Amino acid sequence: MANVKVAVRVRPLSKRENAEEGRIIVEVDNKMAKVRNIKVDNRLDGPWDSREKIVAFSFDYCYWSVDPEDPKYASQEVVFQDLGTSVLSGAFKGYNICLFAYGQTGSGKTYTMMGTPASIGLTPRICEGLFSREDDYSEQPASCRVEVSFLEIYNERVRDLLKQSDHKKPYTLRVREHPETGPYVQGLSQHLVTDYKQVVGLLEEGIAKRITAATHIHDASSRSHAIFTIHYTQAILENNLPSEIASKINLVDLAGSERADPSYCKDRITEGANINKSLVTLGIVISTLAQNSQMFSSCQSINSITSEGDSSPVGSHTTGSVSGTRRQAYIPYRDSILTWLLKDSLGGNSKTIMVATISPASSSYNETMSTLRYASNAKNIINKPRVNEDANVKLIRELREEIDRLKTMLISFELRNSSPSWSDDRDGNLTELVLQNEMKIDQLTKDWTSKWTDRKAIMEEYSVDINKEKVGVTIDSNLPHLMAMDDDILSTGVVLYHLRMLPFLFFVLCIFRLCFLHLNTKKEGTTKIGRIDSDQEQDIVLQGQWIEREHCIISNNCGIVTLQPVQGAHCTVNGQEVTTACRLSQGALVVLGKVHKFRFNHPAEAAILRQRRSISEGSPILSHGALDWLNLDRDFISSSTYIFSPLEKERQVITALGSTAWRGGEQPSVVKEQVRDHLEKLDVYKSMGPNGMHLRVLR
Ligand SMILES: Nc1ncnc2c1ncn2[C@@H]1O[C@H](COP(=O)(O)OP(=O)(O)OP(=O)(O)O)[C@@H](O)[C@H]1O
């Protein structure tokens, strides 16, 4: 059980408040925030005025961020040191965490949660903390995975802030509820991030998309609730015992509450009404939870008093009578998308921190009082956070505990029983049980290790990088591979087949990248392709028409990749049937059997070609993309032009340059230079080996 922690932060007077010469009515004293009511202040004290001059509220933290010169001044760093580090330590232990900022429009929520470039806020600092912890712990065998998502709730609808959406219908995501993990947004994009820079990039992208508008108080007011979620998973294998814990961190910047203004247009009034509706629902949820929590604690204390005074063992009657007369109130989570999504953070499996932001100015007295009452209520909410442990890992731990218990039993039997026949029987059964459990643990540990390492290892071993661009995702690999081009319109996903390398080259690559990979997974330089019913194990298994048991072998020898068809197997490269060994070069189209089409990518070769292309920039023909000669939309089998590829391209360029010079349009020396460059390129293509497809065809 853990109470929601509440912090209050007072921002500096705004320009407007300064211009109005507003009085400061808020004071912070250690964990106490005091608000002075100047209306009462200005009157003479009288017995008829029961209103208090100063109302004091106590919180877990109070931050005075009004004047940087003030010794009490709480900077972004101070706030992070209290709240941010507490989010991080909870996440490292495997708890779900929610940190949300609540307050009137313009009171400093976005400043606290996001900050400005000059004064970074909690969210980026927390992200930095997640990765800097990884640096600190890099000596340990712990492995971490960080995935983020960013959404906005606007007018009670959800939009993905990290995905290009349909301009006409951007808010189409639906909220669903999983029976175990609770509410979630269906189809929300998750982004795997490996460093702080990537997170900041995504944060900036999302913030830029958020809806803002000018309000009376704030020129760039956020009109939506924004939830930035980090899924942080850690895995450690210690003494062959796995441990995997996962934490979901919700960082929420709520839209600011604002009084309705009749002069606003219809859309703005609807927007304000929706913001207020969700904030009102949040308020109801908070106060109902607070009431329930108080009731729960009073029941507990009554129970403990009753059971202390009552020696009868039927304590449950007392609980029944108390809870029977005063039922826990219904929590209307589903009345707004915001509260539904934050269900776990409010009264559920989460450690939650609320930052209530307020203005110190007298003109905001009502809003400040309302925020502080809200915050005061939230303090009473009791959550039930628990460490989120992987189910398999939990089972392994429980089995291990069981084994320890059985072993202790075995020892005690051995000590207590002198009769050998009786103890032999028992010993046998217990030993059998221990053995069975140990085998189960072994299997579960193996499964877990491969599950965990698979994703990370795939990215590390094959040096795959997943980068998100504006609308697309680029999957980059440094190693030669085949990319499947599926004809099946129902197939989704992209399949890359990495080709095995000779150990030496692989070793050099490893050293070069300072990356420790599993060398044994690629001990050969040949990749066998064939059917599953082949006598030999195939590295790439294909099924379908014209695929032979052993279809072909692709050898990768120091970066030179050749395809060797097995006799009679149907293989084409760039539309040309091949029967003998054929060198594959960047972008080659490979068809195996009748339907299996692949594009061959050789990243190292592509890099050289790219470099050469950049050198020859200015040449009108080569200024196109390197692969424009590969018209993937056309039926390449029927066209023989694709077989000439880069080599033919170079020849075309040289011919074109020659005719330019002939027409006298260019300086002879410049043309000569360009021709020399392209001749060099021609040599490179020709030198692609005696078995090279281009060479053989052109001859
Ligand atoms: N602690 C602070 N120190 C310095 N400036 C602050 C502080 N808090 C807020 N501000 C400034 O006050 C202005 C309003 O802050 P902010 O945008 O964070 O408000 P908000 O509560 O998010 O508003 P809304 O709900 O309308 O989006 C900004 O210019 C911000 O830089």
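Residues numbered from 1 in each chain as written. Predicted model: local features only at pLDDT ≥ 70, side-chain atom pairs only at ≥ 80, totals over all residues. Heavy atoms only, no water.

## Considering the site of the ligand
Reasoning step 1: Taken together, 16 residues lie around the ligand, and Thr105, Lys109, Tyr111, Ser221 and Ser222 are the ones closest in.
Reasoning step 2: A distance of 2.6 Å separates an oxygen atom of the ligand from a polar atom in the side chain of Thr105.
Reasoning step 3: Here an oxygen atom of the ligand sits 3.0 Å away from a polar atom, N or O, in the main chain of Gly256.
Reasoning step 4: Within the complex, 79% of the 630 Å² of free accessible area of the ligand lies under protein.
Reasoning step 5: Of all elements in the fold, only helix H4 (109-113) and strand S16 (221-222) reach the threshold of two or more residues within the shell around the ligand.
Reasoning step 6: In terms of residues, the shell around the ligand owes the most to one element, H4, which gives three residues.
Reasoning step 7: For the shell around the ligand, the per-class residue count stands at two nonpolar, 11 polar and three charged. (Near = heavy atom within 4 Å. Polar contact = N/O pair within 3.5 Å; in protein donor to acceptor, adjacent residues only side chain to side chain. Areas by Shrake-Rupley, 256 points an atom, 1.4 Å probe, with all protein chains shown as cover. Helix = DSSP H or I, 4+ residues; strand = E, 2+ residues; numbered from the N terminus. Nonpolar A, V, L, I, M, F, W, Y, C, P; charged D, E, K, R; others polar.)

## A look at the sheet that holds strand S27 (residues 550-557)
Reasoning step 1: Judged by pairing direction, the sheet is mixed, and its five strands sit side by side in the order S26-S25-S27-S28-S31 without closing on themselves. Sheet topology places strand S26 (540-541) and strand S31 (582-583) at the edges, where each strand pairs with a single neighbour.
Reasoning step 2: In this structure, strand S25 (residues 526-530) lies alongside S26, joined through two bridges in parallel fashion. Its bridge partner being in S26, Gly530 is matched across the sheet by Val541. (Pairing = 2+ DSSP bridges.)

## Quick notes on the nonpolar core
Reasoning step 1: Phe59, Phe100, Leu282 and Met354 are the most contacted members of the largest nonpolar core, which has 51 residues in total.
Reasoning step 2: Once residues lying within four places of it in the same chain are set aside, the contact partners of Phe59 are Val6, Val8, Lys31, Ala33, Leu372, Ala375, Ser376 and Lys379.
Reasoning step 3: Membership of the second largest hydrophobic core comes to 39 residues, among which are Val79, Cys144, Val148 and Leu161. (Core = buried A, V, L, I, M, F, W, Y, C linked by side-chain atoms within 4.5 Å. Buried < 20%, exposed > 50% of the residue type's maximum accessible area, 1.4 Å probe, protein only. Contact = heavy atoms within 4.5 Å.)

## Section: the side chain of Gln586
Reasoning step 1: Examined against the element boundaries, Gln586 turns out to sit in the loop between S31 and strand S32 (589-592).
Reasoning step 2: Classification of Gln586 by relative accessible area gives buried; the value is 11%.
Reasoning step 3: A distance of 2.6 Å separates the side chain of Gln586 from the backbone nitrogen of His602, its partner in a polar contact.

## Comments concerning the pattern of salt bridges
Reasoning step 1: All chains considered together, the criterion is met by 11 salt bridges.
Reasoning step 2: In this structure, a network of salt bridges that share partners links the residues Glu177, Arg334 and Lys343. (Salt bridge = Lys/Arg side-chain N within 4 Å of Asp/Glu carboxyl O.)

## Quick word on the sheet that holds strand S30 (residues 576-577)
Reasoning step 1: Sheet architecture is open: six strands sit in the order S24-S23-S33-S32-S29-S30, paired in antiparallel fashion. The strands lining the two open edges of the sheet, one partner per strand, are strand S24 (496-498) and S30.

## Describing the packing of aromatic side chains
Centre-to-centre distance and the angle between the planes together describe a pair of aromatic rings.
Reasoning step 1: According to the stated counting rule, one finds six aromatic pairs in the structure shown.
Reasoning step 2: Lying across the ring of Tyr95, Lys351 places its NZ or CZ 4.5 Å from the centre. (Phe/Tyr/Trp six-rings, centres within 6.5 Å; stacked < 30°, edge-to-face > 60°. Lys NZ or Arg CZ within 6 Å of the ring centre and 35° of its normal.)

## Considering a positive patch on the surface
Reasoning step 1: Where like charges cluster on the molecular surface, the positive patch consists of Lys5, Lys31, Lys93 and Lys351.
Reasoning step 2: Note that Lys93 resides in helix H3 (residues 76-93). (Patch = residues over 30% accessible without salt bridge, like charges linked within 9 Å, V, L, I, M, F, W, Y side chains within 5 Å. Lys, Arg positive; Asp, Glu negative; His and termini not counted. Charge placed at Lys NZ, Arg CZ, Asp CG, Glu CD.)

## Some words on the environment of Val595
Reasoning step 1: Assignment of secondary structure puts Val595 in the loop between S32 and strand S33 (596-601).
Reasoning step 2: Residue Val595 is classed as partly exposed on the basis of its relative accessible area, which comes to 38%.

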